[in-house]
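Next come the chains, spelled out residue by residue.
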Amino acid sequence: MEKLNSQRSFIGVLLLDIITFGIYGCYLVYAMAREVNLSCAADGKKTNGLIVMFLLSIITFGIYSFIWLFQISNRMKNAGANIDGGNILLWNILGSFIIVGPFIAMYKIINALNFVNDHYNTSH
C-alpha cells in the first residue's frame, strides 16, 4: 500500500510554485489526479491526469481546467471532504476580480486533498 501525502500546506505549494516558475503547479495537478484516483477509487470515476487536462484546456481555451477543478472537487466532496465544486468555480472565476479568489480556491483544494489522503492512509 502506498502512503499518500496528507501534509501539503498552501504556503509551501505557493512558494514551490513561485520558485520553480510554475513547474511545481504542473506536478501538483499530476499528483492530485493520481492521489484522488487512488483515494476515491470506490466511486468508479477517473480524473484525467496532467497531459489530458493540459491538452483539453488548450483546445477549449482554458474552459476545461475549470471543469477539471469542478470534477475533482466534487469527487473529494463525495469522499467526505468539506469542499464543493461550485464554490471552487466561483472563487476561481468571480474571485479573480478581487485577485485573491484563485488563492482561496487553491487553499480549499489543498485542504480537501489532505483530508482525503489522510482518510485513505488511515483506512488502508
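Since the model is a prediction, treat every value here as computed from it, not as a measurement. (Residues numbered from 1 in each chain as written. Predicted model: local features only at pLDDT ≥ 70, side-chain atom pairs only at ≥ 80, totals over all residues. Heavy atoms only, no water.)

Throughout the structure, instances matching the rule amount to three aromatic pairs. Ring geometry for Tyr24 versus Tyr27: centroids 5.7 Å apart, planes at 45°, classification tilted. One end of the pair is Tyr24 and the other is Tyr27, both in helix 2 (residues 23-39) and three residues apart, which spans about a single turn. Classification of Tyr24 as buried rests on a relative accessible area of 17%. Residue Tyr27 is classed as partly exposed on the basis of its relative accessible area, which comes to 41%. In textbook terms, an aromatic cluster arises when at least three aromatic residues are bridged by ring pairs, as seen for Tyr24, Tyr27 and Tyr30. (Phe/Tyr/Trp six-rings, centres within 6.5 Å; stacked < 30°, edge-to-face > 60°. Helix = DSSP H or I, 4+ residues; strand = E, 2+ residues; numbered from the N terminus. Buried < 20%, exposed > 50% of the residue type's maximum accessible area, 1.4 Å probe, protein only.)

Here the focus is the pattern of salt bridges. On inspection of all chains with the given rule, the structure shows four salt bridges. Note that Glu35 is salt-bridged to Arg8, the shortest N-O span being 2.9 Å. Here Glu35 is found in helix 2, whereas its partner Arg8 is found in the segment before helix 1 (10-19), with 27 residues between them in sequence. Each member of the pair, Glu35 as well as Arg8, is classed as buried. (Salt bridge = Lys/Arg side-chain N within 4 Å of Asp/Glu carboxyl O.)

With that settled, consider a nonpolar patch on the surface. Together, Leu90, Ile93, Leu94, Phe97, Ile98, Ile99, Val100 and Phe103 line one region of the surface with nonpolar side chains, adding up to about 840 Å² of accessible area. Under the relative-accessibility criterion, Phe97 is labelled exposed at 69%. (Patch = residues over 30% accessible without salt bridge, like charges linked within 9 Å, V, L, I, M, F, W, Y side chains within 5 Å. Areas by Shrake-Rupley, 256 points an atom, 1.4 Å probe, with all protein chains shown as cover.)

Despite not being glycine, Phe21 has its phi angle at roughly 55°, a positive value. Position of Phe21 among the secondary structure elements: in the loop between helix 1 and helix 2. One non-glycine residue, Ile99, adopts positive backbone phi at about 70°. Here Ile99 shows up in the loop between helix 5 (85-93) and helix 6 (101-123).

This is a description of form; function is not addressed.
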